[in-house]
Amino acid sequence: MSEQKNRRLFRSGLLALAEEMRGDEVIHAGMRPYGLHAGNKLPLVVYPYLLGEALESRGVTPRFHYTLTLNDWETDTLDHPEGYPLNFTPRGRTFQFQPDTAGCCPSLVDHWERRVRQETSIISTRFPGVRMEVLRASRMREVPGFLDTIRVGLAEPQALRRLLLETVGPPILEEPCRYAGAVCRVCHAIEGVTAYLPEGAVAQRCHACGQEQTQPLAEADLWFYVHLLGAAKYVALRPDIWIFGGDFVEYRTVDFLDRLVEYCTGAPPAMQHLITPILLARDGRKMSKSLGNTETVPTETLLPLVRPADAMLLSLT
C-alpha cells in the first residue's frame, strides 16, 4: 500500500513524520466510548507514546497537545436495509444517554472517560511536556465551526450520499438518507425523523414516545454518522496530526472524511493521517468491539510488540 501525500503508514510513517515535527503539534484521536481493548489502544495510547519516543530520539522535547475525543453523540445501533450499510435508520440511544453496564459510574460515557484517562496517563507521565485533554463531542457545540459542519449533514444529506458513492463506493439508496438527527428531549431516543429548519433549528418527530418538538440547533443533543462527526471535530480542533486505526484505510472511510472536510470548508484538510496497524486477536480475527472480539492488554506489553511493526496486520500472538 503506497502512502498518499497526507498519509503516513505504520512504523515507517511514524518515524518519517517525527522527523518533520516541531514537537508542539496538535494531535487528535477519537473513540466510541463503549469499550477499550488492545486493538483500539494502538491509535489512542501506543502511537502517541511512540511519537514522543521518536521526537526524543531527535533531541526534540515532546510538548504536543493531544486531544482524545469521545464520540458520545454517536451510536452503535443504526439499522440499515439489507445490503445497504450506509443507508441509516436511527434506533435506540446515543452513548451519551446509555447507562453504565458495569454499574460503577453514572453513565456509560463517564465509565469510559475514567478508563481512558487512566490508560493515557502513561503518556503524560513519560512525557511531562505533553498536554493531554479528553473531550466529549457533546461539549464541542460552542467551539467555532463545529455546528456549521453539522448543519451540512442535517440540511444536505444527498450531498453526503454523493461523496460516499464517489469515495467508499458501495451502492447507496436515495432513501433513507440520514447522517444526523436530533435526540428526543423527552425520552432520549433517536428513532424518528429530523428536519433542519432554515432559521437554525431542528424539528423532530420521535417514533419512540410520539413527541413532536422543535429546538435551536445550538441547544439540541444529536446523533451522527461517525465521519460527519469527524469532519465537525476537524473543523473545531484543527489537528496537525490525526491518528487512525488501519481499518479506516482498509474501508476507505478516511478518504470520505477528507472529501467531506473539503466540501464543508472549501479546502482539503491541512493535517497528516498517521495510520496504525490492525491488531489481530489470538484467534486470527480483527480485534473489534462491534465484533465482540476484545482483549485487555497492558500498554507496557503492547509497546515492544507494536514498536517495530511496519505492515497493515499485526498479530497479538
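Just so it is clear, the structure is predicted and the values come from calculations on it, not from any experiment.

A.B. asks: It is not clear to me how the side chain of glutamate 119 should be interpreted in this structure. Could you clarify?
C.D. replies: Tracing the backbone through its elements, the reader meets glutamate 119 in helix H3 (residues 108-126). Judged by its relative accessible area of 19%, glutamate 119 falls in the buried class. Engagement of the side chain of glutamate 119 in a polar contact is seen with the side chain of lysine 41, the distance being 3.1 Å. With sequence-adjacent residues up to four places away left out, glutamate 119 is seen in contact with Leu36, Lys41, Val45 and Thr299.

A.B. asks: Even after reading the chapter, I still don't get the nonpolar core, so can you show me in this structure?
C.D. replies: A general feature of soluble globular proteins is that nonpolar side chains tend to end up buried together. Judged by nonpolar contacts, the single largest core of 101 residues is most densely connected at Tyr47, Tyr66, Phe146, Tyr179 and Leu302. No other element matches the eleven residues that helix H2 (residues 38-57) contributes to this core. Excluding anything up to four places from it in sequence, tyrosine 47 contacts Phe10, Arg11, Leu14, Leu42, Ile243, Leu274, Ile275, Thr276, Pro277, Val306 and Ala309.

A.B. asks: Would you mind going over the packing of helix H1 (residues 10-20) against H2 with me for this structure?
C.D. replies: The interhelical angle for the contact between H1 and H2, taken along N-to-C directions, is 50°, at an axis separation of 9 Å. Between H1 and H2, the angle is such that the two are oblique. Both H1 and H2 take part in a crossing whose hand is right-handed. The segment H1 lies against H2, with Phe10, Arg11, Leu14, Leu15 and Ala18 engaging Tyr47, Leu50, Leu51, Ala54 and Leu55.

A.B. asks: Any chance you could explain the pairing of strand E4 (residues 131-136) here in plain terms?
C.D. replies: On any regular strand, side chains alternate: one points to one face of the sheet, the next to the other face. Relative to E4, strand E3 (residues 65-70) is paired through six bridges, and the arrangement is parallel. Counted as the bridge partner of tyrosine 66 is methionine 132 from E4. Chirality of the crossover, the property in question, places the unit of E3, H3 and E4 among those that are right-handed.

A.B. asks: I keep staring at the pattern of salt bridges and nothing clicks. Help me out?
C.D. replies: Oppositely charged side chains can form a pair if their charged atoms are brought close together. Under the counting rule described, the total for this entry stands at 19 salt bridges. The closest approach of N and O atoms between arginine 141 and aspartate 221, which form a salt bridge, is 3.0 Å. Here arginine 141, found in the loop between E4 and helix H4 (146-155), pairs with aspartate 221, found in the loop between strand E8 (212-216) and strand E9 (222-224); they are 80 residues apart in sequence, far enough to count as distant. The exposure classification of arginine 141 matches that of aspartate 221, with both residues buried. Put simply, Asp110, Glu113, Arg117 and Arg136 are held in one network by salt bridges that share partners.

A.B. asks: I would appreciate a short explanation of the environment of glutamate 113 in the present structure.
C.D. replies: Following the sequence through the fold, glutamate 113 ends up in helix H3. A relative accessible area of 10% places glutamate 113 in the buried class. For the pair formed by glutamate 113 and tyrosine 34, sequence separation is 79 residues and the distance between their alpha carbons is 9.4 Å. Each residue touching glutamate 113, except ones within four places of it in the same chain, is listed here: Leu70, Val134 and Arg136. At a separation of 2.7 Å, a polar atom in the side chain of glutamate 113 contacts the side chain of arginine 136.

Criteria and thresholds
Residues numbered from 1 in each chain as written. Predicted model: local features only at pLDDT ≥ 70, side-chain atom pairs only at ≥ 80, totals over all residues. Heavy atoms only, no water. Helix = DSSP H or I, 4+ residues; strand = E, 2+ residues; numbered from the N terminus. Buried < 20%, exposed > 50% of the residue type's maximum accessible area, 1.4 Å probe, protein only. Polar contact = N/O pair within 3.5 Å; in protein donor to acceptor, adjacent residues only side chain to side chain. Contact = heavy atoms within 4.5 Å. Core = buried A, V, L, I, M, F, W, Y, C linked by side-chain atoms within 4.5 Å. Axes fitted to C-alpha atoms, helices over the stretch in contact; angles between N-to-C directions. Parallel < 35°, antiparallel > 145°, perpendicular 65-115°, else oblique. Left-handed = near helix turned anticlockwise from the far one by under 90°. Pairing = 2+ DSSP bridges. Right-handed = clockwise from strand over helix to strand, strands pointing away. Salt bridge = Lys/Arg side-chain N within 4 Å of Asp/Glu carboxyl O.

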